[in-house]
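A look at the structure
Next come the chains, spelled out residue by residue.
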Protein chains: 2
Amino acid sequence: MAVNAGRLLARLEELSRIGDTGDGGCARLALSDEDRAGRDLVVTWMRDLGLDVQIDGIGNVIALREGREPGAPVMCGSHIDTVATGGRYDGNLGVLAGLEVIETLVSAGVTPRRAMAVAFFTDEEGARFAPDMLGSLVYAGGMAVEEAYDIVGIDGARLGDELARVGYLGSLPCPGLVPHAYVELHIEQGPVLEAHGEVIGAVTGVQGISWQELRLGGQFNHAGTTPMAFRHDAGLAAASVAVAARRLATELGGDQVATVGKLDLRPDLVNVVAGLATLTVDLRNTDGDLLARAERRMAAEVDRIASEEGVSVERRQLARFDPVTFDERIVHLVETTAREHGHSVRRLPSGAGHDAQMLARMCPAGMVFVPSVGGISHNPAELTTPEHIEAGANVLLDVLVHLAEDDVVA
Amino acid sequence: MAVNAGRLLARLEELSRIGDTGDGGCARLALSDEDRAGRDLVVTWMRDLGLDVQIDGIGNVIALREGREPGAPVMCGSHIDTVATGGRYDGNLGVLAGLEVIETLVSAGVTPRRAMAVAFFTDEEGARFAPDMLGSLVYAGGMAVEEAYDIVGIDGARLGDELARVGYLGSLPCPGLVPHAYVELHIEQGPVLEAHGEVIGAVTGVQGISWQELRLGGQFNHAGTTPMAFRHDAGLAAASVAVAARRLATELGGDQVATVGKLDLRPDLVNVVAGLATLTVDLRNTDGDLLARAERRMAAEVDRIASEEGVSVERRQLARFDPVTFDERIVHLVETTAREHGHSVRRLPSGAGHDAQMLARMCPAGMVFVPSVGGISHNPAELTTPEHIEAGANVLLDVLVHLAEDDVVA
């Protein structure tokens, strides 16, 4: 039994035409008119397959196919909203491959023991309404639906109003039904699989994230008339923090990453020593203790730099998520299934957040990664080759059937 | 013989009311309505003193008082235009102190051997029309007046049109008459005199300036999914350049300064490795050879950093002025005159540009600095104490009389 790759690719193509940015990309911000059109199309496909399509109070759509026995379904899925300059694979692949898996079973007349479900979750990207992974967070009980309704988007719209406007304010309660297991196929969005020439990633977990904003207050001064020894240069201090963050990640090693991606100086003029610098430090690690150690070392570096330059420091925590570890039985199942298909496979953590990490709060969960060409994502140039899409969908098929038929996580 | 400090302070106060920003500062951008009103007031004072007021083709105003003998005048002056958030002393002090010196001589019935002149030069700040020191540059023959007329300001206005509009398109040719000598009293705009508890600065010259813009092209990437070894982080490279600039200035020592005051990342997001960084490097030194050495070392550092991070570099020279050395006889005269007045005095270079450096192309030139409280300038909080203003004006008086009476630079 194998998926129909042509059909899957055709659906990816058709869905990508909604919100087409004209350069290969997609713009379907959550609960926009484009998102509604995309939802309507996928729901049509779900209904055409005879699935029981249900919508919950936060607009998550779950399409169910009964099993031979009653009980919780084996669920797959992802999201179909995109960032403003999104690609056509991020999220969409997991949803449409899930649909393809079920259609493959339907076409083959195979009904596994357990029910199966494919879902798409509302507002995974968080590009219009923060935080990201919102729909799956509410699904898993991490946020009350009433609280979510009152979130105001970047365009001033209220989430609850937009949900009703696009016709996806459903009646299914949140938190939702607890799946038997959850597996999500997703593009890697990073360069690791491609760099190692590997086809399948068995995702071990999602990195913990620490985002901090630093405001460094120095003294703005004339760049010509102020001798070096008299300076309290907020820009130099900010630059030193960025260099220290790189050094820290290099010294800690493992999968520790550290990024200063945002850095703004005031007054930001060629001939004025900056009096104010605002920057962010993004630290991630799959190990909670190591992440905490990185945060402590970074804090000490910032204190040292600020003291040496004579600048003040204000800190604000922008985000803090503990690492998520996926169910080892599912990681192992992905790994062995990929090998059975003759694919090279690598265990790796996810650096990005995914709906699967929210589902992991409720049930055994895991993910299958396929390579991203050039590691590029959130970009119209995002690409995963047809061969890798087919490989990933077939691994997903067998993993889901194993979970639905056997007692892998029972 | 001594100046009337009360009269000088009252004129500084009265002039500061034109373009009053309400917080102690002044906004009289060059050739604006406020600049016209300021010019009209100062010209009225010049005419009230019986001076021969002449206006040249770029709007520089030169007020002459005859000497006992014919010949080139001893000139003083500065500018009365300000930046948008200017103080009341920058430039204005040099013009009004020059006027006060002449009024002191008139009141005392003293006519030195040589003629004397006090001038204010158009658009010293360059805040509306670039480059700065424009009026004195044209006066000294460094730019043709026709070229200057075609300069378009930040508000889209043409300089020649604005000059006519405010009524200061004069008939005196440029380059202008060559003075016997030129001496400018100015606030230091830096912290050195105050820090050393000194009253008078005998300015040895003006630092050479090298401004370079660097555009560093890396690869924008997900801050979570991109391992450190895969990064081409334009932001990290920019930060490394800023840190290297500080190290370079510290290692070279002397009066070498280095500043990265402007630094912009793209896309400037917390979770994206920057793909593009634009920054400026401002290097200054009073010694032309040392400045060139600093530029070479900085270029090598940038090459090394770009190579290590795998980012591309585009360079653009924004400005390059060779250092100016003032006439040693005038520097010495300022120094000895200050000591005769019982003031502590320090030789120091100017980190900022001044009209005197343009006049130095034509004649022996020098400057007298008085302390800036906190080193603050180009800011409504700009302040020089009444005692230091009086001290500076009296030193200027004696220096000018020496130059006009004796053969110090003959």
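Residues numbered from 1 in each chain as written. Chains lettered and ligands numbered in written order. Predicted model: local features only at pLDDT ≥ 70, side-chain atom pairs only at ≥ 80, totals over all residues.

1. Examining the overall build of chain A
For clarity, the cut-off: Helix numbering and strand numbering both begin at the N terminus, where a helix is a DSSP run of H or I of at least 4 residues and a strand a DSSP run of E of at least 2. When we talk radius of gyration, it's over C-alpha atoms, and the globule rule is simply 2.2 Å times the number of residues to the 0.38. Counts of 20 or more other C-beta atoms within 10 Å of a residue's own C-beta define buried residues, counts of 12 or fewer define exposed ones, and intermediate counts define partly exposed ones; C-beta atoms are placed from the backbone. Any residue pair is listed as a contact if its two C-beta atoms, each placed from the backbone, are within 7 Å.
Looking only at helices and strands, chain A features 12 helices and 16 strands. Its C-alpha radius of gyration of 23 Å places chain A within 12% of the 22 Å reference for a compact globule of 410 residues. Dimensions of chain A, computed from the C-alpha atoms along their principal axes, are close to 80 × 45 × 40 Å. Looking at the 410 residues of chain A, the share that counts as buried comes to 58%. For chain A, contacts bridging at least 24 residues in sequence account for 78% of all contacts bridging at least 6.

2. Overview of the domain arrangement of chain A
Residues and elements named next belong to chain A. How we decide: Note that the domain bounds were set by an automatic or database domain assignment. Three classes are used: nonpolar for Ala, Val, Leu, Ile, Met, Phe, Trp, Tyr, Cys and Pro, charged for Asp, Glu, Lys and Arg, and polar for all others, with Gly counted as polar.
Domain boundaries in chain A define domain 1 (5-206 + 323-405) and domain 2 (208-321). The gap between the C-alpha centroids of domain 1 and domain 2 is 36 Å. Residues belonging to the side of domain 1 that touches domain 2 are distributed by class as follows: two nonpolar, two polar and no charged.

3. Points about the interface of chain B and chain A
Contacts between the two partners involve 48 residues from chain B, matched on the other side by 49 residues from chain A. Within the residue set of the side of chain B that touches chain A, elements represented by two or more residues are α7 (192-195), β8 (221-222), α8 (234-252), β9 (257-259), β10 (263-266), β11 (272-273) and β12 (276-285) of chain B. Among the elements that make up the side of chain B that touches chain A, the one with the highest residue count is α8 of chain B (nine residues). When its residues are assigned to classes, the side of chain B that touches chain A shows 24 nonpolar, 18 polar and six charged.

4. As for the nonpolar core
Cut-off, in case you're wondering: By convention in this section, buried Ala, Val, Leu, Ile, Met, Phe, Trp, Tyr and Cys residues joined through C-beta atoms within 7 Å make up a nonpolar core.
The biggest cluster of nonpolar side chains holds 90 residues, and the ones touching the most others in it are Val-101, Val-183, Val-368, Leu-396 and Leu-400 of chain A. Ranked by residue count, the leading element in this core is helix α12 (residues 386-405) of chain A, at 11 residues. When sequence neighbours within four positions are dropped, the list of residues in contact with Val-368 of chain A reads Val-183, Leu-185, Ile-200, Gly-201, Val-334, Gly-392, Val-395, Leu-396 and Val-399 of chain A. Formed by 89 residues, the second largest nonpolar core is a distinct cluster that contains Val-83, Val-101, Phe-326 and Val-345 of chain B.

5. With respect to the pairing of strand β2 (residues 61-65) of chain A
Strand residues, when the strand is regular, have side chains that alternate between the two faces of the sheet. All names here are of chain A. This is how the line gets drawn: In this analysis, strands are considered paired if DSSP registers two or more bridges between them.
The buried fraction of β2 is high, at four of five residues. Pairing of strand β1 (residues 52-55) with β2 involves four bridges; the strand directions are antiparallel. Residue pairing for β2: Asp-52 is matched across the bridge by Leu-64. Connecting the antiparallel pair β1 and β2 is a turn made up of five residues, with Gly-59 showing a positive phi of about 90 degrees. The pairing of β2 with strand β4 (residues 116-120) spans five bridges and is classified as antiparallel. If you follow Ala-63 over to β4, its bridge partner there is Val-118.

6. With respect to unusual backbone geometry
For the bond running from Cys-174 of chain A to Pro-175 of chain A, omega is -5 degrees, close enough to zero to count as cis. For Pro-175 of chain A, the position within the fold is in the loop between α6 (159-165) and β5 (181-187). Each neighbour pair has its own omega, and for Ala-130 of chain B with Pro-131 of chain B the value is 0 degrees, a cis peptide bond. Structurally, Pro-131 of chain B is set in the loop between β4 (116-120) and α4 (134-139). Its identity is not glycine, yet Gln-189 of chain A carries a phi of approximately 65 degrees, on the positive side. As for its position among the elements, Gln-189 of chain A is in the loop between β5 and α7 (192-195). For Leu-31 of chain B, which is not glycine, the phi torsion reads 65 degrees and is therefore positive.

7. Description of the environment of Thr-278 of chain A
Residue and element names in this part refer to chain A. Take Thr-278: it is sitting in strand β12 (residues 276-285). Take Thr-278: there are 17 C-beta atoms within 10 Å of it, and that puts it in the partly exposed class. For the pair Thr-278 and Leu-214, spaced 64 residues apart in sequence, the C-alpha to C-alpha distance is 5.7 Å. Residues within four places of Thr-278 in sequence aside, it is in contact with Glu-213, Arg-215 and Asp-264.

8. Description of the environment of Val-74 of chain A
Residues and elements named next belong to chain A. Inspection of the secondary structure assignment puts Val-74 in strand β3 (residues 74-78). Look at Val-74 and you get buried, because 28 C-beta atoms sit within 10 Å. Sequence separation of Val-74 and Ala-356 is 282 residues, and the distance between their C-alpha atoms is 13 Å. Excluding its chain neighbours within four sequence positions, the residues that come into contact with Val-74 are Arg-114, Met-116, Pro-179, His-180, Ala-181, Leu-400, Leu-403 and Ala-404.

9. Some points on the relation of the copies chain B and chain A
Quick reminder of the rule: Superposition of the copies was done by least squares, using only C-alpha atoms of residues whose pLDDT is at least 70 in both.
Of the two same-sequence chains, chain B is brought onto chain A (RMSD 0.1 Å, axial shift 0.1 Å) by a rotation of 180 degrees. Look at the turn and shift together and you get a two-fold axis relating the two. Among all C-alpha atoms of chain B, that of Ala-239 of chain B lies closest to the rotation axis, at 2.1 Å. A high fraction, 100%, of the interface residues of chain B reappear at the interface in chain A, so the copies pair face to face through one surface.

10. Here we look at the packing of helix α1 (residues 5-16) of chain A against helix α3 (residues 92-108) of chain A
Residues and elements named next belong to chain A. Here is the rule we go by: Inter-axis angles, ranging from 0 to 180 degrees, are taken between N-to-C directions of lines fitted to C-alpha atoms, where helices are fitted over the stretch in contact. Throughout, the term roughly parallel applies to angles under 35 degrees, roughly antiparallel to angles over 145, roughly perpendicular to angles from 65 to 115, and oblique to all others. Helix crossings fall into two classes, left-handed where the near helix is turned counterclockwise from the far one by less than a right angle and right-handed where it is turned clockwise.
Remark: α1 packs on α3, axes separated minimally by 10 Å, with the N-to-C direction vectors making an angle of 140 degrees. The orientation of α1 with respect to α3, classified from their angle, is oblique. α3 is crossed by α1, and the crossing has right-handed handedness. Where α1 abuts α3, its residues Arg-7, Leu-8, Arg-11, Leu-12 and Leu-15 lie against Asn-92, Leu-93, Leu-96, Ala-97 and Glu-100. In the contact of α1 with α3, the residues fall into six nonpolar, one polar and three charged.

11. Focus on helix α10 (residues 328-340) of chain A
Residue and element names in this part refer to chain A. The test is simple: Here, expected helix span is obtained from the residue count minus one, scaled by 1.5 Å.
Here α10 is 13 residues long and its end C-alpha atoms lie 18 Å apart, about the 18 Å a rise of 1.5 Å per residue gives. Those residues of α10 that fall on the buried side of the exposure criterion are Ile-330, Leu-333, Val-334, Glu-335, Thr-337 and Ala-338. Of the surrounding secondary structure, the elements contacted by the buried residues of α10 are β5, β6 (200-206), β15 (345-350), β16 (365-370) and α12. Where α10 ends, the next residue or the one after it, Gly-342, has phi of about 80 degrees, a positive value.

12. Remarks on helix α9 (residues 288-309) of chain B
All names here are of chain B. Here is the rule we go by: Within this analysis, the arc is defined by the directions that extend from the helix axis to the C-beta atoms.
Compared with the 32 Å implied by 1.5 Å per residue over 22 residues, the 32 Å span of α9 between its first and last C-alpha is a close match. Those residues of α9 lying buried are Leu-291, Ala-294, Met-298, Val-302, Ile-305 and Ala-306. Viewed along the axis of α9, the buried residues span an arc of 100 degrees, placing them on a single side of the element. For α9, exposure combined with an orientation more than 90 degrees from the buried face picks out Asp-289, Arg-296, Ala-300, Asp-303, Arg-304, Ser-307 and Glu-308.

13. Section: the environment of Val-110 of chain A
All names here are of chain A. The topology assignment puts Val-110 in the loop between α3 and β4. Looking at Val-110, the number of C-beta atoms within 10 Å reads 12, which means it is exposed. Discounting chain neighbours no more than four positions away, the residues touching Val-110 are Met-1 and Leu-105.

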